Amino acid sequence: QVQLVESGGGLVQAGDSLRLSCAASGLTFSDYAAGWFRQAPGKEREFVARISRGGGFTDHADSVKGRFTISRDNARNTVYLQMNSLKPEDTAVYYCAAPPFGSTYSRDPSAYHYWGQGTQVTVSS
């Protein structure tokens, strides 16, 4: 059974940093690309960042570029999201996800098959 478990969320002040982790089990993680998405209350789930299977390619949404960094450690079956210079508008539930085996990865959340339960990030002004 595939499981993705996020951790590292919390309540911080604007300008602070957080590092989210997503631990994968039940699959050979190095065979899968991965992505981070977020959903704020009343809004649709939106793309944050994605990373290739080997970690050599990354892509970040314009809204977080230069502040957030996605990375992965396949030996630990874990993908990370380092979030610096947090803003109140970053407040959301953050989800990690993986697409179906053999699929190319995308910015579109509908292309992802496996999802974690989410971790809340709240940034106060």
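These notes cover the structure that comes with them. Computed from a predicted model, the values in this text were never measured in an experiment.

Cut-off values and rules
- Residues numbered from 1 in each chain as written.
- Predicted model: local features only at pLDDT ≥ 70, side-chain atom pairs only at ≥ 80, totals over all residues.
- Heavy atoms only, no water.
- Helix = DSSP H or I, 4+ residues; strand = E, 2+ residues; numbered from the N terminus.
- Rg over C-alpha atoms; globule rule 2.2 N^0.38 Å.
- Buried < 20%, exposed > 50% of the residue type's maximum accessible area, 1.4 Å probe, protein only.
- Contact = heavy atoms within 4.5 Å.
- Areas by Shrake-Rupley, 256 points an atom, 1.4 Å probe, with all protein chains shown as cover.
- Lys, Arg positive; Asp, Glu negative; His and termini not counted.
- Charge placed at Lys NZ, Arg CZ, Asp CG, Glu CD.
- Phe/Tyr/Trp six-rings, centres within 6.5 Å; stacked < 30°, edge-to-face > 60°.
- Salt bridge = Lys/Arg side-chain N within 4 Å of Asp/Glu carboxyl O.
- Disulfide = S-S within 2.5 Å.
- Polar contact = N/O pair within 3.5 Å; in protein donor to acceptor, adjacent residues only side chain to side chain.

## Some details on the overall build of the protein chain
Moving on, step 1. Each helix and strand in the protein chain was counted, giving 0 helices and 11 strands.
Moving on, step 2. Ordered by position from the N terminus, the helices and strands of the protein chain form the series β-β-β-β-β-β-β-β-β-β-β.
Moving on, step 3. Taken against the 2.2 N^0.38 rule, which gives 14 Å for 125 residues, the C-alpha radius of gyration of the protein chain at 13 Å falls within 12% of a compact globule.
Moving on, step 4. Each principal axis of the C-alpha atoms in the protein chain carries an extent, and together these give about 40 × 30 × 25 Å.
Moving on, step 5. In the protein chain, which comprises 125 residues, the share counted as buried stands at 42%.
Moving on, step 6. A separation of at least 24 residues holds for 58% of the contacts in the protein chain among residues at least 6 apart in sequence.
Moving on, step 7. Of the roughly 6200 Å² of accessible surface on the protein chain, a fraction of 45% belongs to carbon and sulfur atoms.
Moving on, step 8. Within the protein chain, the 11 negative side-chain charges are centred at a point lying 3 Å from the centre of the 12 positive side-chain charges.

## Examining the packing of aromatic side chains
Moving on, step 1. Per the counting criterion, the structure on display carries 7 aromatic pairs.
Moving on, step 2. For the ring pair Phe37 and Tyr112, a centre distance of 5.0 Å and an interplane angle of 75° mean the geometry is edge-to-face. Taken together, the residues Phe37 in strand 4 (residues 34-39) and Tyr112 in the loop between strand 9 (92-98) and strand 10 (114-115) connect sequence positions 75 residues apart.
Moving on, step 3. On the basis of relative accessibility, which here comes to 0%, the residue Phe37 falls in the buried class.
Moving on, step 4. Classification of Tyr112 as buried rests on a relative accessible area of 6%.
Moving on, step 5. Members of the aromatic cluster, each reached through a chain of ring pairs, are Phe37, Phe47, Tyr95, Tyr112 and Trp115.

## Considering the pattern of salt bridges
Moving on, step 1. Scanning all chains against the criterion turns up 7 salt bridges.
Moving on, step 2. Across the salt bridge formed by Asp62 and Lys65, the nearest N and O atoms sit 3.3 Å from each other.
Moving on, step 3. Between Arg76 and Asp73 there is a salt bridge, with its nearest N and O atoms 2.9 Å apart.
Moving on, step 4. Asp73 gets classed as partly exposed once you look at its relative accessible area, which sits at 21%.
Moving on, step 5. The structure contains a network of salt bridges with shared partners spanning Arg38, Glu46, Arg67 and Asp90.

## Focus: the state of the cysteines
Moving on, step 1. Enumeration over the complete set of coordinates arrives at 1 disulfide.
Moving on, step 2. In this model, Cys22 is linked to Cys96 through a disulfide, with the two sulfur atoms separated by 1.9 Å. Sign of the S-S torsion, about 50° for the bond between Cys22 and Cys96, identifies this disulfide as right-handed. Residue Cys22 is found in strand 3 (residues 18-25), and its partner Cys96 is found in strand 9; the two are separated by 74 residues along the sequence.
Moving on, step 3. The buried category is assigned to Cys96, whose relative accessible area is 1%.

## Thoughts on the environment of Ser110
Moving on, step 1. Take Ser110: it is sitting in the loop between strand 9 and strand 10.
Moving on, step 2. Sequence-wise, Ser110 and Asn74 are 36 residues apart; in three dimensions their C-alpha atoms are separated by 24 Å.
Moving on, step 3. Within the structure, the side chain of Ser110 is placed 2.8 Å from the side chain of Asp108, a separation counted as a polar contact.

What is shown is where atoms sit, not what they do.
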